[in-house]
Amino acid sequence: MRKINLTEDDWRQRLTPDQYRILRKEGTERAFTSKLHEKKDRGVYKCAGCGTPLFTSDMKFESGTGWPSFFKTLPGVFETKKDSKLFRSRIEYHCVVCEGHHGHVFSDGPPPSGKRYCSNGAALIFEADEQKVQDA
């Protein structure tokens, strides 16, 4: 996938303050504050920084953590790195196209992957499944 390289000023203009803080400065939103946390509609979750499709609604599950959580991703959309900012080491994941920070991946998710991609809702844009919209 082709990378997007913008200046910090370009990112500030393109993103909301919350999106900028999370995607560009590796921030975190408070639990249970994202409208996407309880979203159950069929569709695709895309990167708020560049629009790259990251997850489908079929990959989402209720983790009880307060953040949108997914047990797998679309292939090749994230790079990971070690995050040692807090009291323990974690693995964070970033969009391969815009390098935006989305959250952390844990090994306490459901089968079949056993993974929990804990995502900041502000880092995502939800696009509803066209078929469902047409059928409604």
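Bear in mind the structure is a predicted one, so any value in this text is a computation, not a measurement. (Residues numbered from 1 in each chain as written. Predicted model: local features only at pLDDT ≥ 70, side-chain atom pairs only at ≥ 80, totals over all residues. Heavy atoms only, no water.)

S.K.: Just checking my understanding: could you explain unusual backbone geometry for this structure?
M.R.: Excluding glycine, residues mostly carry a negative phi; peptide bonds, for their part, are mostly trans. With omega at 10°, the peptide bond leading from P111 into P112 counts as cis. By the element assignment, P112 lies in the loop between β7 (101–106) and β8 (116–119). Non-glycine residue E99 carries a positive phi angle of around 65°. (Helix = DSSP H or I, 4+ residues; strand = E, 2+ residues; numbered from the N terminus.)

S.K.: Which parts of the structure should I look at to understand the pattern of salt bridges?
M.R.: Once the charged atoms of two side chains with opposite charge are near each other, the side chains can pair. In the structure shown here, the tally under the stated rule is 11 salt bridges. Put simply, K3, E79 and E99 are held in one network by salt bridges that share partners. (Salt bridge = Lys/Arg side-chain N within 4 Å of Asp/Glu carboxyl O.)

S.K.: What is the right way to read the environment of Y117 from this model?
M.R.: Within the element layout of this structure, Y117 appears in strand β8. The buried category is assigned to Y117, whose relative accessible area is 17%. In the structure, Y117 is positioned 26 residues away from I91 in sequence and 9.9 Å away in space, judged by C-alpha atoms. Setting aside its immediate chain neighbours within four residues, Y117 contacts F55, P68, S69, F70, F71, K72, T73, Y93, H104 and V105. (Buried < 20%, exposed > 50% of the residue type's maximum accessible area, 1.4 Å probe, protein only. Contact = heavy atoms within 4.5 Å.)

S.K.: Where do I start with the confidence of the model for the chain in this structure?
M.R.: Low-confidence regions, as indicated by low pLDDT, have predicted coordinates that should not be scrutinised in detail. The predicted model of the chain averages 91 in pLDDT, with 93% of residues at 70 or higher. Low pLDDT, under 50, characterises residues 132–136; the stretch is placed with three contacts to residues that sit more than four places away or in other chains. (pLDDT = per-residue confidence, 0-100.)

S.K.: How should the nonpolar core be read in this particular structure?
M.R.: For soluble globular proteins, the rule of thumb is that nonpolar side chains tend to be buried together. Ranked by internal contacts, the top residues of the largest apolar core, which has 27 residues, are Y45, L54, F55, F70 and L124. When contributions to this core are tallied by element, the ones reaching two or more residues are α2 (17–23), β1 (43–47), β2 (53–56), β6 (90–95) and β9 (124–128). When residues in this core are grouped by element, the largest group, three residues, is from α2. The contacts of L124, once residues within four sequence positions are left out, are L36, Y45, K46, A48, L54, F55, F70, H102 and S119. (Core = buried A, V, L, I, M, F, W, Y, C linked by side-chain atoms within 4.5 Å.)

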